There are 2 protein chains.
Amino acid sequence: MPWSREEAAYRSLSLQSDTRIVFLVFDGLGDLPGPEGLTPLETARTPSLDRLASEGVCGLFDPVAPGVTPGSGPGHLGLFGYDPLRFPVGRGVLAALGIDFPLQPTDVAARFNYCTLDKDGRILDRRAGRISTDENQRLTSVLQNRLTPTMDGVEVLLRTVSEHRGLIVLRGRDLGERVCDTDPQVTGIPPIEAHGEDEASERTAAVVRQIGRQVGKLLAAEKRANGILFRGFDRQPEIASLSERVQLRPVCVAQYPMYRGLARLVGMHVPPPPQNLEAIPQALRTEWGSHDFFFVHVKYTDKAGEDGDFARKIAVIEEVDRMIPEMLDLGPDVVVVSADHSTPASLRTHSWHPVPTLLWSPGRVRRDAAKSFGETSCLGGGLGRHRLMYLLPLALAHAGKLKKYGA
Amino acid sequence: MPWSREEAAYRSLSLQSDTRIVFLVFDGLGDLPGPEGLTPLETARTPSLDRLASEGVCGLFDPVAPGVTPGSGPGHLGLFGYDPLRFPVGRGVLAALGIDFPLQPTDVAARFNYCTLDKDGRILDRRAGRISTDENQRLTSVLQNRLTPTMDGVEVLLRTVSEHRGLIVLRGRDLGERVCDTDPQVTGIPPIEAHGEDEASERTAAVVRQIGRQVGKLLAAEKRANGILFRGFDRQPEIASLSERVQLRPVCVAQYPMYRGLARLVGMHVPPPPQNLEAIPQALRTEWGSHDFFFVHVKYTDKAGEDGDFARKIAVIEEVDRMIPEMLDLGPDVVVVSADHSTPASLRTHSWHPVPTLLWSPGRVRRDAAKSFGETSCLGGGLGRHRLMYLLPLALAHAGKLKKYGA
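Residues numbered from 1 in each chain as written. Chains lettered and ligands numbered in written order. Predicted model: local features only at pLDDT ≥ 70, side-chain atom pairs only at ≥ 80, totals over all residues. Heavy atoms only, no water.

**Q** Help me understand the overall build of chain A, please; the structure alone is not making it clear to me.
**A** Along chain A, the regular secondary structure elements total 14 helices and 14 strands. Here chain A has a C-alpha radius of gyration of 23 Å; the compact-globule value for 407 residues is 22 Å, and the two agree. Overall, chain A is about 70 × 50 × 35 Å in size when its C-alpha atoms are taken along their principal axes. Each of the 407 residues in chain A was classed as buried or not, and the buried ones make up 58%. (Helix = DSSP H or I, 4+ residues; strand = E, 2+ residues; numbered from the N terminus. Rg over C-alpha atoms; globule rule 2.2 N^0.38 Å. Buried < 20%, exposed > 50% of the residue type's maximum accessible area, 1.4 Å probe, protein only.)

If you want it as structure tokens, here you go:
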């Protein structure tokens, strides 16, 4: 992937310094107003976030582009300063990252679902009645043991993800990833026959068709999970690390595998996860001497949003807020608080709404009128409204990590 | 340099008209709040600027890209509607522009510093104790007279800039500009040996090495300035003029050579400089009949910022404000007030903060709530937040100099 003009510019301007940036990411933080007219972030009692917003500068950022609802992959790539439209991360790779599967650069990965087929091979249930993770593990272990282990020289690896969801990895030479989904996204018709868009991908598709036939026989006696649907065939993107791009020495403090995997994808150091929110400051302290960029990921705001649980989202935000003073005691030069996307509780899913963001950097921000951290106060904030990929350069600038451009 | 899609569009939409645009540029105007919470621009008593802001529309502009601190070259290219990332202007060319040196398209130019070397040829002082400009002139005259005038068919031209700083221009056929700096930016080691990144640049480097050796002998008896360090080898960018790009007939009213040089680079007419700020309206009057775009440059706001002198920055702004009514008496159709970058007095250097901007155009602006001209009022302004390269098209539009795009 050649560097864009802008990427090349930021790279050439970047420099190492002993200033430290904390990037605190609330997954799915952005929301819509509830019955009282306030969002969860605006409703929560957040003295520390409000202090940071008041002393710092606020703004709104579009994770991918206006109107685009991001998945977790693109949202985080935007946070890390990458243009998510230039570096697509597909479902297969994300599934691998999400279970800490050590993907190799030439592997082709895809998500699969167990499904229920009728006697004529038509799909009755695309999720096999949402079987339990235990049942998934039993089935996956059967398949992994009894499928022909190597087909046309291609090694087949299957892993449980959760409930009806799994990961398939095809490992071999010259495999293409441009294979269509076999999941038609509707019921009443048979799975789609896999085919590849080019010669290398057709080699992959041939293996996928073989797998489909063998799975049909091996699971014939199952009542619910007697078939399998694939989607999101994909390979790891070629992606320069944050150290190559802007000379950062980044570290990831995240509990969930997918975010740890995304951090690894951009070259972050990923130590063992903290056990809970209270353990985050100690995790930062351990890495403080050897890094200058600290990605802290909080998952539970997104989970609450997806569950439609407005009150729980408030509670999570308040819990994180209580942890912030201890984080500030470490003496960061720049603190950024932002999100990978919005997950409004009323919508119960990711959305396209821009993410509320604050940047705190004593003596170096042009302060704005925001006295608290919330979607509305961010609207008039001094950071303005940009694509999310520009947030990292702004943090670098405030941390003194970007030289002057031109004389 | 091929035209970008956007450049081609603006070009095809541009038309000549007898409306006039005044572009009043305060160098380094943007700032950070002082102890009272207000910036110099917000503190200054500026009845005229406030009237323009109140009747017009305000906004904030990022000179290059979010987080990027621009040098004077990129900042001004942005003001003139060019993407500074597409048209880099190096240190050597800026040095030539800065002393009104008539650079030819094939010349290779670089900045040089006189330096102090110890008896083993290691750098003791990269600035030769900041020798006086007079001493620089004496040394440069010695070198210009006694260096071999033409080396390998290449003419060598040396000029004093100021203190320890000078300009070197190499004039000849087929010279490349991709030559490394010989200034290692540290002391205790010898200067770096010049080398070129391609064949043409290696021809340049060979001449630079010869110059280095001869300078060593010619200055051997000097106590302080007994060596020379080069950086920023460069050629003039190929750049279409404002007349080619958008059919303007632009003129420059600026006191300082560098800004006059930048204006010349984009094809502006550059008459003799005004003697002081009060002389600006008269200078405009002289050119009023023959031009439609008037670039007025005020240097002293930047100087005050670099000196950390908050009070003097205020005084400069107030002085310019008093000149504005006489400027308005000329009857411009559009007045833009902006800056090439911010130079916060507290940071004493250029910064990445967006520049406060107003656009006044009676009957043609959609007014906003701004009642005065300042960083904070601009934050909520109707011009919004854009890259600086879009300010010129906005001025053209208000001046009726852009046709409808499409039917």
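On we go.
**Q** What's the story with the relation of the copies chain B and chain A in this structure? I'm lost.
**A** These two copies of the chain differ by a rotation about an axis and a displacement along the same axis. If you rotate chain B by 126° and push it 0.4 Å along the axis, it lands on chain A with an RMSD of 0.4 Å. Both copies are brought into coincidence by an operation consistent with a three-fold rotation axis. Proximity to the rotation axis, assessed at the C-alpha, singles out G380(B) in chain B; its C-alpha lies 3.7 Å from the axis. (Least-squares fit on C-alpha atoms with pLDDT ≥ 70 in both.)

**Q** What's the story with the pairing of strand β9 (residues 227-234) of chain B in this structure? I'm lost.
**A** Looking along a regular strand, one sees side chains alternate from face to face of the sheet. Residues and elements named next belong to chain B. Most of β9 sits inside the fold, with 8 of its 8 residues counted as buried. Here strand β4 (residues 108-117) pairs with β9 via 6 bridges, running antiparallel. The residue bridging R111 from the neighbouring strand is R231, located in β9. (Pairing = 2+ DSSP bridges.)

**Q** Can you help me understand the nonpolar core in this one?
**A** The tendency in soluble globular proteins is for nonpolar side chains to be buried as a group. Residue and element names in this part refer to chain A. Counting residues in hydrophobic clusters, the biggest one holds 100 residues, and the most contacted among them are F23, L49, M268, L284, V337, L358 and F373. With 8 residues, the top contributor of residues to this core is helix α12 (residues 310-328). When residues no more than four places from it in sequence are discounted, the contact partners of M268 are F80, L242, P250, V251, C252, A263, F293 and F295. (Core = buried A, V, L, I, M, F, W, Y, C linked by side-chain atoms within 4.5 Å. Contact = heavy atoms within 4.5 Å.)

**Q** When you look at the sheet that holds strand β10 (residues 293-298) of chain A in this model, what are you seeing that I'm missing?
**A** Paired through backbone hydrogen bonds, the strands of a sheet run either parallel or antiparallel to each other. All names here are of chain A. Strand order in this open sheet of 7 strands is β9-β10-β1-β11-β12-β2-β13, and the pairing throughout is mixed. The open sheet terminates on both sides in strands that have one partner only, identified here as β9 (250-254) and β13 (384-387). Taken over all neighbouring pairs, the strand axes of this sheet differ in orientation by 20° on average, direction set aside. Bridge analysis of strand β1 (residues 21-26) against strand β11 (residues 334-338) gives 5 bridges, and the strand direction is parallel. Looking across to β11, one finds that L24 is bridged to V337. This element, helix α9 (residues 257-265), spans β9 and β10 of the sheet and lies at about 175° to β9. Strands in contact with α12 are β1, β10, β11 and β12 (355-360); relative to β1, the strand with the most contacts, it is inclined by about 170°. (Axes fitted to C-alpha atoms, helices over the stretch in contact; angles between N-to-C directions.)

**Q** Is there a simple way to explain the interface of chain B and chain A in this structure?
**A** Often the size quoted for an interface is simply the accessible area lost on bringing the parts together. Facing the 34 residues of chain B at the interface are 28 residues of chain A. Regarding the contact of chain B and chain A, the summed buried area is about 2300 Å², with carbon and sulfur atoms giving 60% of it. Ranking the residues of chain B by area buried against chain A places P66(B), L85(B) and W352(B) at the top, with a combined share of 26%. In this assembly, chain B and chain A are joined by 1 salt bridge. The residue R387(B) makes a salt bridge to E6(A) at a minimum N-O spacing of 2.5 Å. The interface formed by chain B and chain A contains 16 residue pairs in polar contact (both at pLDDT 80 or more). Elements with a minimum of two residues in the side of chain B that touches chain A: β2 (57-62), β3 (69-70), α4 (72-79), α5 (91-98), α13 (375-379) and β14 (384-387) of chain B. Ranked by residue count, the leading element in the side of chain B that touches chain A is α4(B), at 3 residues. Looking at the side of chain B that touches chain A, its residues break down into 18 nonpolar, 9 polar and 7 charged. Of the strand pairs in this sheet, strand β14 (residues 404-405) of chain A and β3(B) are connected by 2 bridges, and their pairing is parallel. Bridging from a neighbouring strand, K404(A) pairs with T69(B) of β3(B). (Buried area = accessible area lost by both parts, 1.4 Å probe. Salt bridge = Lys/Arg side-chain N within 4 Å of Asp/Glu carboxyl O. Polar contact = N/O pair within 3.5 Å; in protein donor to acceptor, adjacent residues only side chain to side chain. Nonpolar A, V, L, I, M, F, W, Y, C, P; charged D, E, K, R; others polar.)

**Q** What is the right way to look at helix α10 (residues 280-287) of chain B in this model?
**A** Since the α-helix packs 3.6 residues into each turn, any two residues three or four apart lie on the same face. Residue and element names in this part refer to chain B. What α10 keeps buried is the set I280, P281, L284 and E287. All buried residues of α10 project into a common sector of 125° when viewed along the axis, lining one side. Tucked inside the fold, the buried residues of α10 contact β10 (250-254), β11 (293-298) and α12 (310-328). (Arc of directions from axis to C-beta.)

**Q** Please explain the pattern of salt bridges as it appears in this structure.
**A** Oppositely charged side chains may form a pair once their charged atoms are brought near each other. Applying the stated criterion across every chain yields a total of 53 salt bridges over all chains. Residue D107(A) pairs with R171(A) through a salt bridge whose shortest N-O separation is 2.8 Å. In this pair, D107(A) is assigned in the loop between α5 (91-98) and β3 (108-117) and R171(A) in strand β7 (residues 165-171), connecting sequence segments 64 residues apart. Judged by its relative accessible area of 0%, D107(A) is buried. For R138(B), the salt bridge identified is with E135(B), shortest N-O distance 3.6 Å. Of the two residues, R138(B) and E135(B) both sit in helix α6 (residues 133-146), 3 residues apart, roughly one turn of that helix. Taking the relative accessible area as the measure of exposure, R138(B) reaches 42% and is therefore partly exposed. One network of salt bridges, with partners in common, ties together D118(A), K119(A), D120(A) and R122(A).

**Q** Explain the side chain of D234(A) here, please?
**A** Residues and elements named next belong to chain A. Examined against the element boundaries, D234 turns out to sit in strand β8 (residues 227-234). Buried within the structure, D234 lacks any salt-bridge partner; R235 is the closest side chain of opposite charge, at an N-O distance of 7.5 Å. With near-sequence residues (within four places) excluded, D234 lies in contact with V89, G90, R91, G92, V93, D107, V108, A109 and E177. (Lys, Arg positive; Asp, Glu negative; His and termini not counted.)

**Q** In this structure, what is going on with helix α3 (residues 47-55) of chain B? I would like to understand it.
**A** Of all the residues in α3(B), the buried ones are S48(B), L49(B), L52(B), A53(B) and S54(B). Looking at the buried positions of α3(B), the neighbouring elements they touch are β1 (21-26), α2 (40-43), β2, α12, β12 (334-338) and β13 (355-360) of chain B.

**Q** What is the right way to read the side chain of R20(A) from this model?
**A** Residue and element names in this part refer to chain A. Structurally, R20 can be placed in the loop between α1 (5-13) and β1. A polar atom in the side chain of R20 sits 3.2 Å from the backbone oxygen of D18. With near-sequence residues (within four places) excluded, R20 lies in contact with W288, G289, H291, D292, F294, P332, D333 and V334.

So far we have only geometry, and geometry alone does not tell us how the molecule works.
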